[in-house]
Amino acid sequence: QVRLVESGGGLVQAGGSLSLSCAASRRAFSGYTRAWFRQAPGKEREIVAAINWPTSSTYYMDSVKGRFTISRDNAKGTVNLQMNSLRSDDTAVYYCAQKGLGGTVPIDPGAYDYWGQGTQVTVSS
């Protein structure tokens, strides 16, 4: 069992930046995919970005390409999401999720085994 804990959400003005971090309760001993999803009120949960370990390959949804960067901090065992040029439509609860490594990054939330509790990101216009 892996427990994921997100941190770093908050309130920011449009055009600003926020950084999210996802820490796992135990270090991984096999490959995994860790992803950031988000869910806005009345909308389905959607994948924002993902990163694989140990390959470090990444995935981004189209609307965040060039604005968001996902990265791993191997020393801390965290996966971070740097969000720049934030827009009001980025407002959502952001969740960290993890699954075992295997092929293409799945965009279906149902494919992920472990989830964090979520952190609110609010972008004011």
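Residues numbered from 1 in each chain as written. Predicted model: local features only at pLDDT ≥ 70, side-chain atom pairs only at ≥ 80, totals over all residues. Heavy atoms only, no water.

Student: Before we move on, could you go through the state of the cysteines and cite the residues and values that matter?
Tutor: Per the counting criterion, the structure on display carries one disulfide. Paired by a disulfide, cysteine 22 and cysteine 96 hold their sulfur atoms 1.9 Å apart. Taking the torsion about the S-S bond as the criterion, the cysteine 22 to cysteine 96 disulfide, at about -80 degrees, is left-handed. Residue cysteine 22 is located in strand 3 (residues 18-24), and its partner cysteine 96 is located in strand 9 (residues 92-100); the two are separated by 74 residues in the primary sequence. The burial state of cysteine 22 is the same as that of cysteine 96; both residues are buried. (Disulfide = S-S within 2.5 Å. Helix = DSSP H or I, 4+ residues; strand = E, 2+ residues; numbered from the N terminus. Buried < 20%, exposed > 50% of the residue type's maximum accessible area, 1.4 Å probe, protein only.)

Student: How would you summarise the nonpolar core if you had to cite specific residues and measurements?
Tutor: Grouped together as the largest cluster of nonpolar side chains are 26 residues, with contacts concentrated most on Trp36, Val48, Phe68, Ile70, Leu81, Met83 and Tyr94. Looking at this core, the elements with two or more residues in it are strand 3, strand 4 (32-39), strand 5 (46-53), strand 7 (68-73), strand 8 (78-83), strand 9 and strand 11 (119-124). Other than its neighbours up to four places away in sequence, phenylalanine 68 contacts Arg38, Val48, Tyr60, Leu81, Gln82, Met83, Asn84, Leu86, Asp90 and Tyr94. Ala35, Phe37, Ile47 and Val105 belong to the second largest nonpolar core, which has seven residues in total. (Core = buried A, V, L, I, M, F, W, Y, C linked by side-chain atoms within 4.5 Å. Contact = heavy atoms within 4.5 Å.)

Student: A description of the pattern of salt bridges should follow, citing residues and the corresponding values.
Tutor: If you walk through the whole model with that rule in mind, you get five salt bridges. Arginine 38 serves as the salt-bridge partner of glutamate 46, at 2.9 Å between the closest nitrogen and oxygen. Among the salt bridges present, the one from lysine 65 reaches aspartate 62, with a minimum N-O distance of 3.1 Å. As far as the burial class goes, lysine 65 and aspartate 62 line up, both exposed. Each member of the salt-bridge network shares a partner with another, and the members are Arg38, Glu46, Arg67 and Asp90. (Salt bridge = Lys/Arg side-chain N within 4 Å of Asp/Glu carboxyl O.)

Student: Kindly report on the sheet that holds strand 7, identifying the contributing residues and their values.
Tutor: Read across the open sheet, the four strands follow the order 1-3-8-7; overall the sheet is antiparallel. Only two strands of the sheet have a single partner each, and these edge strands are strand 1 (4-7) and strand 7. The mean angle between the axes of side-by-side strands here comes to 15 degrees, regardless of whether they run parallel or antiparallel. As paired elements, strand 7 and strand 8 share six bridges and run antiparallel to each other. Bridged to arginine 72 within strand 8 is valine 79. (Pairing = 2+ DSSP bridges. Axes fitted to C-alpha atoms, helices over the stretch in contact; angles between N-to-C directions.)

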